[in-house]
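# Per-entry structural report
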Amino acid sequence: EDQTNKTSTGEISLEEDLKTVGKEPELFTGPGKSNLLQETVNSQQDILHGDRSKELLNNRTVHRTQDSETLKLQDSLESEDLVVGLDRPQVLPSSRSSESLLDRDNDSEGMRFDHVAEIPTTLPEDLTKLPHSVEHVELCSDETVRMSLCKVWRPEDFVAVFFLTNHSSNRSVTDVCVKLEPSSNFQCYIGETEASCFQEEKIAPHSCSVHSAHLTCKAPALSMQLGGELSYRDHTLTNKRLFFTCPVPLSDVVRPLELTTEQYGEKWPTTSHDKRLKMETRGATKVAVVVETLKSRLNIHPVEIIGNEGIASGTLQQQGLCLLHVKVTTKGNTSTVELWVKSNSQLFTECVARECAAVFR
């Protein structure tokens, strides 16, 4: 009987347990479901917000650390030298190992250069009415001094006019010296003396010094040039040297020789050195065009043009004689130019013929 009661009690306990298990799903399907889920979601959101707040706090800490480092860097830069620019200061390099102490001492007043205002350069009065080059050729220059050349063509010589300009607005240059080295076929005169060097004790700031050299050609050459050296002392008493070279074309020493057709005919037999050339042009041309081209290239005088032939004459600074005869024959779109050069010097003839060939090359 006792065993039967224990069995009945166990069955009742098992039934209660099953009823309890059957009621547990109601916790998730009944009215309490939404409250429980809501609490769970809220708890997860709180965790996420907490993590985000920690991240933002860490970022702010990093930015504050970077800002602090930047301020420290700026404080350290205040000890450096500053150059005030148009927009903001710029820091100069802290290393001064390559800077000259002499330059630092002399730069206290400041070296200023005026590259905007043009320094007037005019020819000497006795040369202004003679034929001369329109533009000045720059021979050499640096940050302080510039030397340019203007050519003047006198009947008896070739004048090289040099312009020495000091572009500094507050510093003079001293002990200025120019040594000329013309080709060996030239004789160089400065003033009335045969010389190839001129000097200037001082050139004031933003000013120009003018010097002239007269070059007489003893004989032509296939290659001619005018070279030399410019030296001076700057405000630190440092000696500066500049070198230059300038080609001298044949037209600088050839002069037009005005002759009539009769005079040309009389001189033709007296010239014993001659050379003939025959060249073809890519297009049809006329003899007048050829003669005008030779006039501008060689600085010769056109004597006369008859039909398809023309004659011209020139001289070597009134010392030599050169006669040219030109004949142009045109067939279709091609013209043949026959050129006959005669002079009283074989070298003169060769130089003129070579220059003529270069025109039609």
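Look above for the structure.
Values in this document were obtained by computation on a predicted structure and should not be read as measured data. (Residues numbered from 1 in each chain as written. Predicted model: local features only at pLDDT ≥ 70, side-chain atom pairs only at ≥ 80, totals over all residues. Heavy atoms only, no water.)

## A closer look at the overall build of the chain
Each helix and strand counted, the chain has 7 helices and 18 strands in total. Buried positions account for 31% of the 361 residues belonging to the chain. Considering only residue pairs separated by 6 or more positions, the chain has 63% of its internal contacts joining residues 24 or more positions apart. Surface exposure of the chain reaches about 23,200 Å², of which carbon and sulfur atoms provide 50%. (Helix = DSSP H or I, 4+ residues; strand = E, 2+ residues; numbered from the N terminus. Buried < 20%, exposed > 50% of the residue type's maximum accessible area, 1.4 Å probe, protein only. Contact = heavy atoms within 4.5 Å. Areas by Shrake-Rupley, 256 points an atom, 1.4 Å probe, with all protein chains shown as cover.)

## Topic: the packing of aromatic side chains
Each pair of aromatic rings is reported with the distance of its centres and the angle of its planes. Inspection of every chain in the model, using the stated rule, returns 3 aromatic pairs. Centroid distance phenylalanine 162 to phenylalanine 198: 5.7 Å. Interplanar angle 40°. Geometry classified as tilted. Here phenylalanine 162 is found in strand β5 (residues 158-166), whereas its partner phenylalanine 198 is found in strand β9 (residues 197-203), with 36 residues between them in sequence. A relative accessible area of 0% means that phenylalanine 162 is categorised as buried. Aromatic side chains tryptophan 268 and tryptophan 340 sit 5.0 Å apart centroid to centroid with 90° between the ring planes, which places their arrangement in the edge-to-face category. A residue pair is termed long-range when its members are at least 10 positions apart, and tryptophan 268 in the loop between α5 (261-267) and β14 (273-281) and tryptophan 340 in strand β18 (residues 334-343) qualify at 72 residues. You can call tryptophan 268 buried: its relative accessible area is 19%. A connected cluster of aromatic rings, assembled from ring pairs, spans Tyr264, Trp268 and Trp340. The positively charged end of arginine 276 is found above the aromatic ring belonging to tryptophan 340, 3.5 Å away from the centroid. (Phe/Tyr/Trp six-rings, centres within 6.5 Å; stacked < 30°, edge-to-face > 60°. Lys NZ or Arg CZ within 6 Å of the ring centre and 35° of its normal.)

## Concerning the packing of helix α6 (residues 287-298) against helix α7 (residues 346-359)
Remark: α6 packs on α7, axes separated minimally by 11 Å, with the N-to-C direction vectors making an angle of 120°. One finds that α6 runs oblique with respect to α7. For the pair α6 and α7, the sense of crossing is right-handed. Residues Thr293, Leu294, Arg297 and Leu298 of α6 form the contact with α7, whose participating residues are Val352, Glu355, Cys356, Ala358 and Val359. Considering only residue class, the contact of α6 with α7 consists of 6 nonpolar, 1 polar and 2 charged. (Axes fitted to C-alpha atoms, helices over the stretch in contact; angles between N-to-C directions. Parallel < 35°, antiparallel > 145°, perpendicular 65-115°, else oblique. Left-handed = near helix turned anticlockwise from the far one by under 90°. Nonpolar A, V, L, I, M, F, W, Y, C, P; charged D, E, K, R; others polar.)

## Some points on the side chain of threonine 216
Inspection of the secondary structure assignment puts threonine 216 in strand β10 (residues 207-217). Note on threonine 216: relative accessible area 16%, which makes it buried. With residues near it in sequence (within four places) discarded, threonine 216 still touches Glu156, Asp157, Asn185, Phe186, Gln187, Tyr189, Gln317 and Gln319.

## Describing the pattern of salt bridges
Going through the model one piece at a time under the given rule, you end up with 9 salt bridges. For glutamate 229, the salt bridge identified is with arginine 241, shortest N-O distance 2.7 Å. Of this pair, glutamate 229 sits in strand β11 (residues 225-233) while arginine 241 sits in strand β12 (residues 239-247), and the two are 12 residues apart along the sequence. Of the charged contacts in the structure, one is a salt bridge between aspartate 234 and lysine 240, with a shortest N-O distance of 3.3 Å. Here lysine 240 falls in the partly exposed class, since its relative accessible area comes to 21%. (Salt bridge = Lys/Arg side-chain N within 4 Å of Asp/Glu carboxyl O.)

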